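Chain and residue survey
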Amino acid sequence: MLQRPVADMALFATVPPGWVSDRALLARAQALVDLLPSAHRLLFHAIFWDGGRMRRFCTGPSSIEGHHNSLCGNLRHTVEVAEQVLALARTRAHVDQAVAVLSALLHDAGKADEYCLRPDQSWALSDRGRLLGHRTTVIEWIAAAIGRWTLRLPAGHETALLHNLSAVPHAPAWMGLREPQTPESDLLSIADKLSGSDDLMQRLLTPQPGWGAYHKHLGRRPYRVASSPPA
């Protein structure tokens, strides 16, 4: 057994079928991690060098009543966001692909400890979720992993990563939070919103043209137009 995290391993290949039955989803997640440079990949592995945390990350929801609120919803949302960030980063020379993808893979990682299962098998906020939230949780994990395993990212990458994970769009100045200020944080914000909106749209739209169902997180009833005729 490995005694410490290493960069060269397929972490998602170790996930048991009892956690995630969708093996294609795990393959997509692994493909994203494989794209990271060694130092960034090692940090990701170090953060999840905990079987319980990895299980909760893979099996938990991304919200209770909103988008991706089902079993393995957080993993699915994470993969969608990271794939969209990667596609956007590849067409923009001013974006650092490694920082962008690692930020996307970690942006909701803290939700592994944000929710807990009630006895009736419904999801609820944990004490950590109520008191701290997933943004603070993942930054704590990053700091602990770097300190415990003496990890090093290229100059400026650690600060950029922490900014991307803590920045909040449209945050009032008095809150002491920072708005996204790196190109990677901009892409993360766009992809995160798109993944959440897509999931709600797919659930709320009707099969036929017309108005779908209302959802408070979407703030409206989505409308489906009729399919375009063949060219």
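Preceding this paragraph is the structure being described.
Criteria and thresholds
Residues numbered from 1 in each chain as written. Predicted model: local features only at pLDDT ≥ 70, side-chain atom pairs only at ≥ 80, totals over all residues. Heavy atoms only, no water. Helix = DSSP H or I, 4+ residues; strand = E, 2+ residues; numbered from the N terminus. Buried < 20%, exposed > 50% of the residue type's maximum accessible area, 1.4 Å probe, protein only. Polar contact = N/O pair within 3.5 Å; in protein donor to acceptor, adjacent residues only side chain to side chain. Disulfide = S-S within 2.5 Å. Phe/Tyr/Trp six-rings, centres within 6.5 Å; stacked < 30°, edge-to-face > 60°. Lys NZ or Arg CZ within 6 Å of the ring centre and 35° of its normal. Expected span 1.5 Å × (residues − 1). Arc of directions from axis to C-beta. Contact = heavy atoms within 4.5 Å. Salt bridge = Lys/Arg side-chain N within 4 Å of Asp/Glu carboxyl O.

Take unusual backbone geometry next. The phi angle at His68 is positive, at roughly 45 degrees, despite the residue not being glycine. Here His68 is to be found in the loop between helix H3 (51-59) and helix H4 (73-89). The exposure class of His68 is buried, given its relative accessible area of 3%. Within the chain, Cys72 stands out as a residue other than glycine whose phi angle is a positive 65 degrees. Its place among the elements puts Cys72 in the loop between H3 and H4.

The next thing to look at is the side chain of His215. Inspection of the secondary structure puts His215 in the loop between strand E3 (210-211) and strand E4 (223-224). For His215, a relative accessible area of 11% puts it in the buried group. At 2.9 Å, the side chain of His215 and the backbone oxygen of Glu65 are in polar contact. Within polar-contact distance, the side chain of His215 engages the backbone nitrogen of His217 at 3.0 Å.

Within this structure, the stated rule accounts for zero disulfides. Cysteine Cys58 remains unbridged, with the sulfur of Cys72 as its closest cysteine sulfur at 7.4 Å. Here Cys58 falls in the buried class, since its relative accessible area comes to 0%.

Each pair of aromatic rings is reported with the distance of its centres and the angle of its planes. Tallied over the full model, the rule gives four aromatic pairs. Here Phe12 and Phe44 contribute two aromatic rings whose centre-to-centre distance is 6.1 Å and whose plane-to-plane angle is 35 degrees, an arrangement assigned as tilted. Within this pair, whereas Phe12 is found in the segment before helix H1 (23-34), its partner Phe44 is found in helix H2 (residues 38-47), the two being separated by 32 residues in sequence. Accessibility expressed as a relative area gives 3% for Phe12, which makes it buried. Geometrically, the ring pair formed by Phe48 and Phe57 is tilted, given 4.7 Å between the ring centres and 35 degrees between the ring planes. With relative accessibility at 2%, the residue Phe48 sits in the buried group. Members of the aromatic cluster, connected to one another through ring pairs, are Phe12, Phe44, Phe48 and Phe57. Directly above the ring of Trp141 sits Arg53, whose terminal nitrogen or CZ lies 3.9 Å from the centroid.

For the rest of this paragraph, the subject is helix H7 (residues 134-149). Three- or four-residue spacings in an α-helix give side chains the same orientation, since the helix completes a turn every 3.6 residues. Taking 1.5 Å per residue as the helical rise, H7 with its 16 residues ought to reach 22 Å, and the 22 Å between its terminal C-alpha atoms agrees with that figure. Taken residue by residue, H7 has His134, Thr137, Val138, Trp141, Ile142, Ala145, Ile146 and Trp149 as its buried positions. Buried residues of H7, viewed axially, fall in a sector of 165 degrees; they line one side. Opposite its buried face, H7 presents the exposed residues Ala143 and Gly147, each directed more than 90 degrees away. The inward-facing, buried residues of H7 abut H2, H3, helix H5 (97-106), helix H6 (127-131) and helix H8 (157-166). Thr150 sits one or two positions beyond H7 and adopts a positive phi of about 50 degrees.

Right, let's get into the pattern of salt bridges. One pass over the structure, following the stated rule, counts eight salt bridges. Between Arg41 and Asp8 there is a salt bridge, and its shortest N-O distance comes to 3.0 Å. You can see Arg41 sitting in helix H2 and its partner Asp8 sitting in the segment before H1, a full 33 residues away along the chain. Two residues, Glu65 and Lys216, come together in a salt bridge whose shortest N-O distance is 2.7 Å. Of the two residues, Glu65 is situated in the loop between H3 and H4 and Lys216 in the loop between E3 and E4; the sequence distance between them amounts to 151 residues.

In this section: the side chain of Thr137. Considering the arrangement of structural elements, one finds Thr137 in helix H7. In terms of polar contacts, Thr137 uses its side chain to reach the side chain of Arg128, at 3.1 Å. Thr137 has contacts with Gly110 and Arg128, leaving out every residue within four places of it along the chain.

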